[in-house]
Each structure stands twice: as C-alpha cells, then as structure tokens.
Amino acid sequence: MLTVRKSQDRGHADHGWLNSFHSFSFAGYYDPAHMGFGNLRVINEDRIAPGTGFGTHGHRDMEIISYVLSGELAHKDSMGNVKGIPPGDVQRMSAGTGVQHSEFNHAAGQTTHFLQIWIEPNVRGIPPSYEQKTFAEAEKRGALRLVASPDGAQGSVKIHADAALYAGLLDGDESVTLALNPARKTYVHLVRGALTANGQTLSGGDALLMEKETTLSLTDGHDAEVLVFDLAA
C-alpha cells in the first residue's frame, strides 16, 4: 500500500527566527491523522535565521537525529558535547533518562537548514549519549547509504530503536532498489529535488508512506536527496 503526503500538506510554523514544516503533529500543529508512522514520531524541516536558535531545553526517552542540509548547526548539551554539525554529518542523541541541549546558527548572513528527526526508542531509562559521523557524498551517490541502525552496522550511528535510516543522492540515470520486509513500514522522505519512488512522482518535501511492500525502487532523480526509513510496524 502506497500513500503520498505532499509537502504543502505538512504543518507549518513561521516564528520569524525559525521557519519550520512538520511532517507529523508537533507543538502547535495537531492532526490526529498524522501523529507519526510506525515508530517515527517527528520530521521537522527547520530553517534557523542567522544569529538565532533553540535555547537550552530538555528531552527524555527519545532517539533524536539531526541531518543538516546547508549552513551549520551548533550543538551544546549537558553531557559536555560542544559540536558543530555541517552538511554531510549525521548526529544522534539518545535522550534516555534526560538531557538538556541547545542548537544555534552562529553564522552571519547564512540560514541553517536541517531536519530534526525523532524515533521512539525500544528501550527506556538508559543513560543519555551522543554520536556524530560524517558520510561522504560519494557514499550516497546513486546508492542508499545506511546512516543509522540499531547495531551501528556499516559504520552508521547507533540508535536505540527498531529502525534504520538510509540516505541517498540520485540524478539522471542513477537508480537504486532496496528489498523491504512487508511486515514492516517504510517511509520515504524526499529532502530536495525530484524523483520517482515505486511509480510515484515526488518533489522536495514530499513523502511516500509504504506498508506491506516488498521492494522500494527509486528512479528518475533530478538533483534528489532522499531519506528512507525502515520502521517497526
């Protein structure tokens, strides 16, 4: 079963310093039909204005992934991590028993554009932890590179959740096929560009929700950057 969710159907909040699109219910955006998909709870596409950001705030019992598209995200947390997250890096923070952190854009004249992703953990009450890795463009070109997984396979960041995340770049004749477990759910989020996923034409910000499918086929990419989530049903 295939369901397309168009970019313009997402929730939207413009706070001046922050322009955000919500794939699922979040903060002031509530839609009972879009509370999450499987154990995927949040995909927020955020643009942070120069010199602004999220002040210190807390999380607990959630796997949080930051995926930067342009600019740089400055991260600081109560575990002692002070990091810059550039495009190409994947950051994973396991909130566990509780963590405080802030996220800022310190660059003058440059917007930070990133995806904030939350996945429900399969274990609670663990000590909070942090991990950040770089995935070169060449690893994602014409492929789906595993960037997050429960066991850290293939050099991916390790998440405490029954889920896996792949990132890919497709353009022109490049195509990729991924075998799926029909007992699980698959969520395809097109970050930018355009492509065809299992015959469905997607544009930047669109998503394809897949249930009881055995194969994902991505073709006809035009400067496409895509994230694919393998999720518990």
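Our subject in this report is the structure included herewith. Only a predicted model underlies this, so the values are computations on that prediction, with no experimental measurement involved. Think of each chain on its own: its residues are numbered from 1, step by step along the sequence as written. With the structure being a predicted model, the display of local features is reserved for residues of pLDDT at least 70 and the display and counting of side-chain atom pairs for 80 or more, all residues being used for whole-chain, interface and lining totals. Based on all heavy atoms of the structure, the side-chain values leave hydrogens and waters out of the count.

1. Here's the deal with the sheet that holds strand S5 (residues 52-59)
Here comes step 1: Being paired, for any two strands, means DSSP has found at least two bridges between them. Runs of E in the DSSP output that reach at least two residues are strands. Runs of H or I that reach at least four are helices, and both are numbered from the N terminus. Read from one edge to the other, the open sheet built from four strands follows the order S5-S10-S7-S8, with strand pairing classed as antiparallel. A single partner strand is all that each edge strand has here, and the edge strands are S5 and strand S8 (82-85). Looking at each pair of strands side by side, their axes are set apart by 20° on average, direction ignored.
Here comes step 2: Note: strand S7 (residues 73-77) against strand S10 (residues 99-105), four bridges, orientation antiparallel. From the neighbouring strand, Lys 76 faces S10, where its bridge partner is Ser 102. Axis lines are fitted through C-alpha atoms, for helices just across the contact stretch, and the angle between N-to-C directions can take any value from 0 to 180 degrees.

2. Here's the deal with the packing of aromatic side chains
Here comes step 1: The criterion for an aromatic pair is that two Phe, Tyr or Trp rings (for Trp, the six-membered ring) have centres within 6.5 Å, with stacked assigned to planes under 30 degrees apart, edge-to-face to planes over 60 apart and tilted to the rest. For the coordinates displayed, the defined rule picks out five aromatic pairs.
Here comes step 2: When the centroid spacing of 5.5 Å and the interplanar angle of 50° are considered together, the rings of Phe 24 and Tyr 187 count as tilted. In this pair, Phe 24 is assigned in the loop between strand S3 (18-22) and strand S4 (40-48) and Tyr 187 in strand S17 (residues 185-197), connecting sequence segments 163 residues apart. The burial state of Phe 24 is the same as that of Tyr 187; both residues are buried.
Here comes step 3: Relative to Trp 118, the ring of Phe 26 has its centre 5.4 Å away and its plane inclined at 75°; by these criteria the two rings are edge-to-face. Of this pair, Phe 26 sits in the loop between S3 and S4 while Trp 118 sits in strand S11 (residues 112-119); the two residues are 92 residues apart in sequence, bridging distant segments of the chain.
Here comes step 4: Every member of this aromatic cluster is reached through a ring pair, and the members are Phe 24, Phe 37, Tyr 187 and Phe 229.
Here comes step 5: Criterion for a charge above a ring: Lys NZ or Arg CZ within 6 Å of the ring centre, and within 35 degrees of the ring normal. The lysine or arginine in question, Lys 185, covers the ring of Phe 37, its NZ or CZ lying 4.8 Å from the ring centre. Categorising residues by exposure relies on relative accessible area from a 1.4 Å probe, with only protein chains included: less than 20% of the type maximum marks a residue as buried, more than 50% marks it as exposed, and the intermediate range marks it as partly exposed.

Without other data, these values stay purely geometric and don't point to any function.
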